[in-house]
Number of protein chains: 2
Amino acid sequence: MSDYINVALDGMGGDNAPVEIVKGAVDAVNESKKIRVYITGYEDLINAELAKYTYNKEQIIVVPTTEMIEMAEPPVLAIRKKKDSSIVKALNMVKDGTCDAYVSAGSTGATLVGGQVIVGKLKGVERAPFAPILPTLNGFSLLIDSGANVDARPSHLLQFAKMGTIYMESVLGIKNPTVGIINIGAEEEKGNALVKETFPLLKNCPDINFIGSVEAREVAHGAADILICEAFTGNVVIKMYEGVSSAVMKCIKKAFMSNLKSKIGALLVKKSVKDAVKGFSTESHGGAPMLGLNGLVVKTHGSSKSIEIKNSILQCITFKEQNINQKIKEKLSVEDN
Amino acid sequence: MSDYINVALDGMGGDNAPVEIVKGAVDAVNESKKIRVYITGYEDLINAELAKYTYNKEQIIVVPTTEMIEMAEPPVLAIRKKKDSSIVKALNMVKDGTCDAYVSAGSTGATLVGGQVIVGKLKGVERAPFAPILPTLNGFSLLIDSGANVDARPSHLLQFAKMGTIYMESVLGIKNPTVGIINIGAEEEKGNALVKETFPLLKNCPDINFIGSVEAREVAHGAADILICEAFTGNVVIKMYEGVSSAVMKCIKKAFMSNLKSKIGALLVKKSVKDAVKGFSTESHGGAPMLGLNGLVVKTHGSSKSIEIKNSILQCITFKEQNINQKIKEKLSVEDN
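Computed from a prediction, not measured in an experiment: that's the story for all the values here.

1. Notes on the pairing of strand β7 (residues 178–183) of chain A
Residue and element names in this part refer to chain A.
For step 1, the next point in the chain: Counted residue by residue, β7 has five buried out of six residues, so it is predominantly covered.
For step 2, the next point in the chain: Pairing of β7 with strand β8 (residues 209–215) involves six bridges; the strand directions are parallel. Its bridge partner lying in β8, Thr-178 is registered against Asn-209.
For step 3, the next point in the chain: With helix α7 (residues 193–203) bridging β7 and its parallel neighbour β8, the resulting β-α-β unit is right-handed.
For step 4, the next point in the chain: Note that β7 and strand β9 (residues 226–228) share three bridges and pair parallel. Directly across from Gly-180, in β9, lies its bridge partner Leu-227.

What follows is the structure in structure tokens.
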């Protein structure tokens, strides 16, 4: 049935593969009749997991592969050499039109490189950015770009802002999302050469709701719905985010154990603190898209459980039904004229 | 007595000026006979504070000024226009040789701009970086550069590493400190153009203990004693550090108040958590130096109390006695030959 929205799912990627990956696929098809999932991976392992569940057999198809790309492998080489890996096979199914979308909890590097090299960019897109979601004190922000291609040009950043706005409105349901550029000060004249050149382009763009510079100090507090930056900066932002929050938590856990009084107190506050910090973890928000490709490419956290896999798969419905790529093509070609 | 180490202290800078500033100066001279402090600022205010204390009158001299640079003022303009401000006057005392060092809790921008424009760079120094201290889980790291001059060149970063090493060894007492470059991956081939060009320079430099790339995720965990980066990146690092730790703390405080059980527990853990997080705050570590100038320029946090002011002043003794600038000149001129 060609009416399905077809998703290629990397069955071998992530810390909990294939157990949680397969469970996520089953949960997704049991929740929506619109989805068909092609799971790539070691046939025996995938089938053994599938055998545990009841689901519409037409909605899950196993695509046997014989290789696996490890987390630590150099991505460019891995993509080139391991043609029969779960990642390369799944990406090729988007390329050849069998699937509309790709979801993986595996190697970020391989997904980002493969997204560009195998799936390929939409016409008019200069660079396809990676846009993870950062939880903030008042919700979340989309951070574009935190991918593999550093040293972007101002025109790239402008495209990121347009694509991010379309994604945020149509997929995440935030109307007229605010766009900020990560900068070292709030004033317009502040910044490095890239930011100074990009600022007027964003300011004069009618397609986005630009609110100016955002200092890194304000990121976790939720300064803008969409945070635009070059990928080196984006990588520093997301990794500082993860590193500092984990360090502060370590510090607090140590404090909890520092004396008897604290130990007793810790027992009482433990649950609330755990719940609060969970919402603040980068892992709690579904998959991160790579925008501007000939199909949707979604990377979920390496530690993803079935719930994140399911959400990432179901997100593909919105992406397809909202014609995101059509909208991106329209917005970007306006620019070209 | 010209045997004193003379420090120009901005008496009007910071949230707690002049009360805590003056107290810090008094505490410093009462702790060391080697120091003389020139406090710049509104004469009446400074004298009224000084009148509260007992100290050797020869060691504190008030330098009357009539203007003040506010935190929010554009620094370049402020430095140029307010010649009789406490900051400009204090910087000029370093320039004309009256003082060896400058300490301020006031406008960071004005201090950084004034450091370069008024005090001036040492011969051979291409760029004078700002090097704040970041507390980490196992101590602290020196972050160079987090100043105002972005878009650095590889040769600048190499000089930052050399100057940072000298400062860390001679002033902070860390022998053979490790040097890492902030990067988006651990492998040598990763990075933007600047990092890729700088990496071999650091690797082949005999004067530093280079350990390679440090991902932003590892910064708060204490990956290297000295973290080298371009100022835009350094600004993002330090501001993410401050923003994320404050957001996580807000989140935890909210959790403490979320129900009765947590509220009771919070009373018991409060002190330990407060102590633990204090050591993790960027404010708890003394002043941050600007390296490579014709004199020592130290900026302490805007919220500094007398203890930070005192420590920043006393740090000038080590700086002077260890002949830091002589060492920097020697190391950098080796490079010139």
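Okay, back to it.
2. Topic: the packing of aromatic side chains
Residues and elements named next belong to chain A.
For step 1, the next point in the chain: Taken as a whole and assessed by the stated rule, the structure comprises three aromatic pairs over all chains.
For step 2, the next point in the chain: Note on Phe-199 and Phe-210: the rings are 5.1 Å apart at their centroids and 80 degrees apart in plane angle, and the pair reads as edge-to-face. Here the residue Phe-199 occupies a position in helix α7, and Phe-210 occupies one in strand β8, the gap between them amounting to 11 residues.
For step 3, the next point in the chain: With a relative accessible area of 6%, Phe-199 lands in the buried category.
For step 4, the next point in the chain: Judged by its relative accessible area of 17%, Phe-210 falls in the buried class.
For step 5, the next point in the chain: Against the face of Tyr-55 rests Lys-57, its NZ or CZ located 4.1 Å from the ring centre.

3. As for the relation of the copies chain B and chain A
For step 1, the next point in the chain: Take chain B, turn it by 180 degrees, move it 0.0 Å along the axis, and it overlays chain A with an RMSD of 0.0 Å. Such a combination of turn and shift is consistent with a two-fold rotation axis. Among all residues of chain B, the one whose C-alpha sits closest to the rotation axis is Gly-265 of chain B, at a distance of 1.9 Å.
For step 2, the next point in the chain: Comparing contact sets, 100% of the residues at the interface of chain B also lie at the interface in chain A, consistent with an isologous, same-surface contact.

4. Considering the nonpolar core
For step 1, the next point in the chain: Ranked by size, the top nonpolar core spans 183 residues in total, and within it Ile-313 of chain A together with Ile-313 of chain B carry the most contacts.
For step 2, the next point in the chain: What Ile-313 of chain A contacts, discounting residues up to four positions off in sequence, is Val-7, Leu-9, Gly-24, Ala-25, Ala-28, Ile-35, Val-37 and Val-103 of chain A.

5. Concerning the pattern of salt bridges
It is possible for side chains bearing opposite charge to pair when their charged atoms get close.
For step 1, the next point in the chain: Enumeration over the complete set of coordinates arrives at 24 salt bridges over all chains.
For step 2, the next point in the chain: For Glu-73 of chain A, the salt bridge goes to Lys-82 of chain A, with nearest N and O atoms at 2.9 Å.

6. Looking at helix α6 (residues 154–170) of chain B
For step 1, the next point in the chain: Over its 17 residues, α6 of chain B extends 25 Å from the first C-alpha to the last, a length consistent with the 24 Å expected when each residue adds 1.5 Å.
For step 2, the next point in the chain: In terms of burial, α6 of chain B is a largely internal element, 15 of the 17 residues being buried.

7. Some words on the interface of chain B and chain A
Many authors give the size of an interface as the accessible area that is lost as the parts come together.
For step 1, the next point in the chain: At the junction of the two partners, chain B supplies 51 residues and chain A supplies 51 residues.
For step 2, the next point in the chain: Carbon and sulfur atoms supply 74% of the area buried between chain B and chain A, which totals about 4600 Å² over both sides.
For step 3, the next point in the chain: The three residues of chain B that bury the most area against chain A are Ile-184, Phe-232 and Met-240 of chain B, which together make up 15% of that side's buried surface.
For step 4, the next point in the chain: As a salt-bridge pair, Arg-217 of chain A and Glu-242 of chain B come within 3.0 Å of each other at their nearest N and O atoms.
For step 5, the next point in the chain: At 21 residues, the largest contribution of residues to the side of chain B that touches chain A is made by helix α9 (residues 231–256) of chain B.
For step 6, the next point in the chain: Among the residues forming the side of chain B that touches chain A, the class breakdown is 30 nonpolar, 14 polar and seven charged.

8. What to know about the sheet that holds strand β1 (residues 5–10) of chain A
All names here are of chain A.
For step 1, the next point in the chain: Judged by pairing direction, the sheet is mixed, and its six strands sit side by side in the order β3-β2-β1-β4-β11-β10 without closing on themselves. Edge positions in the open sheet fall to β3 (60–64) and β10 (288–290), since each of these has one partner strand only. Across the sheet, the axes of successive neighbouring strands diverge by a mean angle of 25 degrees, strand direction being ignored.

9. Section: the sheet that holds β7 of chain A
Residues and elements named next belong to chain A.
For step 1, the next point in the chain: The mixed open sheet is built from five strands, whose spatial order is β5-β6-β9-β7-β8. For this open sheet the edge positions go to β5 (133–136) and β8, each flanked by a neighbour on one side alone. The average undirected angle you get between the axes of adjacent strands in this sheet is 30 degrees.
For step 2, the next point in the chain: Running at roughly 45 degrees to β5, helix α9 (residues 231–256) makes contact with β5, β6 (139–144) and β7 of the sheet.

10. A word on the pairing of strand β11 (residues 296–299) of chain B
All names here are of chain B.
For step 1, the next point in the chain: Of the two faces of β11, both are covered, the one formed by Leu-296 and Val-298 as well as the one formed by Val-297 and Lys-299.
For step 2, the next point in the chain: By the bridge criterion, four bridges tie strand β4 (residues 101–104) to β11 in an arrangement that is parallel. Along β11, the bridge assignment pairs Ala-101 with Leu-296.
For step 3, the next point in the chain: In this structure, the hairpin formed by strand β10 (residues 288–290) and β11 is closed by a connection of five residues, where Gly-292 is found at a positive phi of approximately 90 degrees.

11. Comments concerning the environment of Leu-142 of chain B
Residues and elements named next belong to chain B.
For step 1, the next point in the chain: Counting through the fold element by element, Leu-142 comes out in strand β6 (residues 139–144).
For step 2, the next point in the chain: What makes Leu-142 buried here is its relative accessible area of 0%.
For step 3, the next point in the chain: For the pair Leu-142 and Leu-172, spaced 30 residues apart in sequence, the C-alpha separation works out to 9.9 Å.
For step 4, the next point in the chain: When residues no more than four places from it in sequence are discounted, the contact partners of Leu-142 are Ala-131, Pro-132, Ile-133, Gly-164, Tyr-167, Met-168, Leu-172, Asp-225, Ile-226 and Leu-227.

What counts, and where the lines are drawn
- All residue numbers here refer to positions counted from 1 along the written sequence of the relevant chain.
- The lettering of chains begins at A and the numbering of ligands begins at 1, in the order of writing.
- Where local features are concerned, this predicted model is filtered to residues with pLDDT of at least 70; where side-chain atom pairs are given and counted, the filter is 80 or more; whole-chain, interface and lining totals use all residues.
- The side-chain figures draw on all heavy atoms in the structure; neither hydrogens nor water molecules are used.
- Three exposure classes are used, based on accessible area relative to the maximum for each residue type with a 1.4 Å probe and protein chains only: buried under 20%, partly exposed in between, and exposed over 50%.
- Under the DSSP-based scheme used, a helix requires at least four consecutive residues in state H or I and a strand at least two consecutive residues in state E, with every element numbered from the N terminus.
- The criterion for strand pairing is that DSSP finds at least two bridges linking the strands in question.
- The handedness rule is simple: strands pointing away from the viewer, and a clockwise path from the first strand over the helix to the second, make the crossover right-handed.
- The rule is short: rings of Phe, Tyr and Trp, with Trp giving its six-membered ring, pair when the centres are within 6.5 Å, and they are stacked under 30 degrees, edge-to-face over 60, tilted in between.
- Here, a charge over a ring means that NZ of Lys or CZ of Arg falls within 6 Å of the ring centre while also lying within 35 degrees of the ring normal.
- Alignment of the copies relies on least squares applied to C-alpha atoms, considering only residues that score at least 70 for pLDDT in both.
- Every residue pair with non-hydrogen atoms within 4.5 Å of one another is taken to be in contact.
- For our purposes a nonpolar core is just a set of buried Ala, Val, Leu, Ile, Met, Phe, Trp, Tyr and Cys residues, chained together by side-chain atoms within 4.5 Å.
- What counts as a salt bridge is simple: a side-chain nitrogen of Lys or Arg found within 4 Å of a carboxyl oxygen of Asp or Glu.
- The span you would expect from a helix comes to 1.5 Å times its residue count less one.
- What gets called buried area is simply the loss in accessible area from a 1.4 Å probe that two parts show on being joined, summed for both.
- Three classes are used: nonpolar for Ala, Val, Leu, Ile, Met, Phe, Trp, Tyr, Cys and Pro, charged for Asp, Glu, Lys and Arg, and polar for all others, with Gly counted as polar.
- In this analysis, axes come from line fits to C-alpha atoms, helices being fitted only over the stretch in contact, and the angle between any two N-to-C directions falls in the range 0 to 180 degrees.

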